[in-house]
Amino acid sequence: MVSADFAERPVKKLVLFDVDETLSPSRQKASPEIIELLRDLRKQMAIGFVGGSDLVKISEQLTVGNINVLEEFDFGFAENGLIAFRLGKPLESQSFIKAVGETDYQELVNFILHYVANLNIPIKRGTFVEFRNGMINVSPIGRNATVQERNDFEAYDKEHHVRANFVEVLQEKFKRLNLTFSIGGKISFDIFPHGWDKTYCLRHVEKDNFEEIHFFGDKTSKGGNDYEIFNDSRTVGHTVKSPADTIRICTELFLS
């Protein structure tokens, strides 16, 4: 039986959404149509977001007006659920530094920065390594790139496999650290300890006993940051290509 907090929802299911290219274009605001969809869904069932970014970035994309994004979702999972909220209240968090250790962390970051320095790609901007609470995010082009520069790099990367090659080198060099390297979005990839992928968030919803947990994401193929949760036996996975795709599939499944 579903927990008392969700007993009054007509449908005893939880729907979880990736953020970039699922609820909004990468690092851009969600559309009014997506917000309307989420509000309609929430009248029927529980909903949540699970993104790789930190909460500040996710909030920028999903916040409408002055409303706190955590008030629009039953579950909020930033950094794959390493930063977690249930009905607006924080849950236990995790630390990348505590898991890896300062010495190994510095060796990893130093290697990454040297690798980026030696990369020959069309442009570079700034913020090549971003430290988050539960992971680090690495961008060969730099996270300060404009929207157009992000789009251009994504096209370049599809042809030249810059991120995939970078990940392959790191996997071999730092095999002993038991890290996962997960490509997501248009310009970067995440690094975190094994098991800290998006399936991590599922431990926070187990006690609520939902009849089904649906997950919507765009990077669901192997190596993508939605792959593990999409293929997890505890979820029903749906691959989308854009927020418009998310609206179409959710409407057909849950609101028609």
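Note that the structure is a prediction, hence the values are computed from the model and not measured.

S.K.: Would you explain the sheet that holds strand β10 (residues 212–217) in this entry?
M.R.: Strands pair in a sheet through their backbones, by hydrogen bonds, and they do so in one of two ways: parallel or antiparallel. Judged by pairing direction, the sheet is mixed, and its seven strands sit side by side in the order β5-β4-β3-β2-β1-β10-β11 without closing on themselves. Looking at which strands have only one partner, the edges of the open sheet turn out to be β5 (89–90) and β11 (236–239). Judged from the three bridges that link them, strand β2 (residues 46–50) and strand β3 (residues 75–78) form a sheet pairing that is parallel. Within β3, the residue paired with Val-50 across the bridge is Phe-77.

S.K.: How should I be thinking about unusual backbone geometry in this particular structure?
M.R.: For residues that are not glycine, phi is negative in most cases, and the peptide bond is trans in most cases. If you check the backbone angles, Leu-87 has positive phi at about 50 degrees while not being a glycine. Examined against the element boundaries, Leu-87 turns out to sit in the loop between β4 (83–86) and β5. The class of Leu-87 is partly exposed, set by a relative accessible area of 35%. One non-glycine residue, Asn-178, lies in the positive phi region at around 55 degrees. As for its position among the elements, Asn-178 is in the loop between α6 (162–173) and β8 (179–184). A relative accessible area of 46% means that Asn-178 is categorised as partly exposed.

S.K.: Just checking my understanding: could you explain the pairing of β8 for this structure?
M.R.: Sheet faces and side chains relate simply in a regular strand, where the side chains alternate between the two faces. Burial analysis of β8 places five of its six residues in the buried class, the great majority of the element. Note: β8 against strand β9 (residues 188–193), six bridges, orientation antiparallel. Within the sheet, the bridge partner assigned to Ser-182 lies in β9 and is Asp-190. Counting the residues between successive antiparallel strands, the hairpin from β8 to β9 contains three residues, one of them, Gly-185, with a positive phi of roughly 65 degrees.

S.K.: Help me understand the environment of Gly-81, please; the structure alone is not making it clear to me.
M.R.: Summarising the element assignment, Gly-81 is placed in the loop between β3 and β4. Look at Gly-81 and you get buried, because its relative accessible area is 0%. Sequence separation of Gly-81 and Val-50 is 31 residues, and the distance between their C-alpha atoms is 6.5 Å. Filtering out sequence-adjacent residues up to four positions away, Gly-81 remains in contact with Tyr-200, Cys-201 and His-204.

What counts, and where the lines are drawn
Residues numbered from 1 in each chain as written. Predicted model: local features only at pLDDT ≥ 70, side-chain atom pairs only at ≥ 80, totals over all residues. Heavy atoms only, no water. Pairing = 2+ DSSP bridges. Helix = DSSP H or I, 4+ residues; strand = E, 2+ residues; numbered from the N terminus. Buried < 20%, exposed > 50% of the residue type's maximum accessible area, 1.4 Å probe, protein only. Contact = heavy atoms within 4.5 Å.

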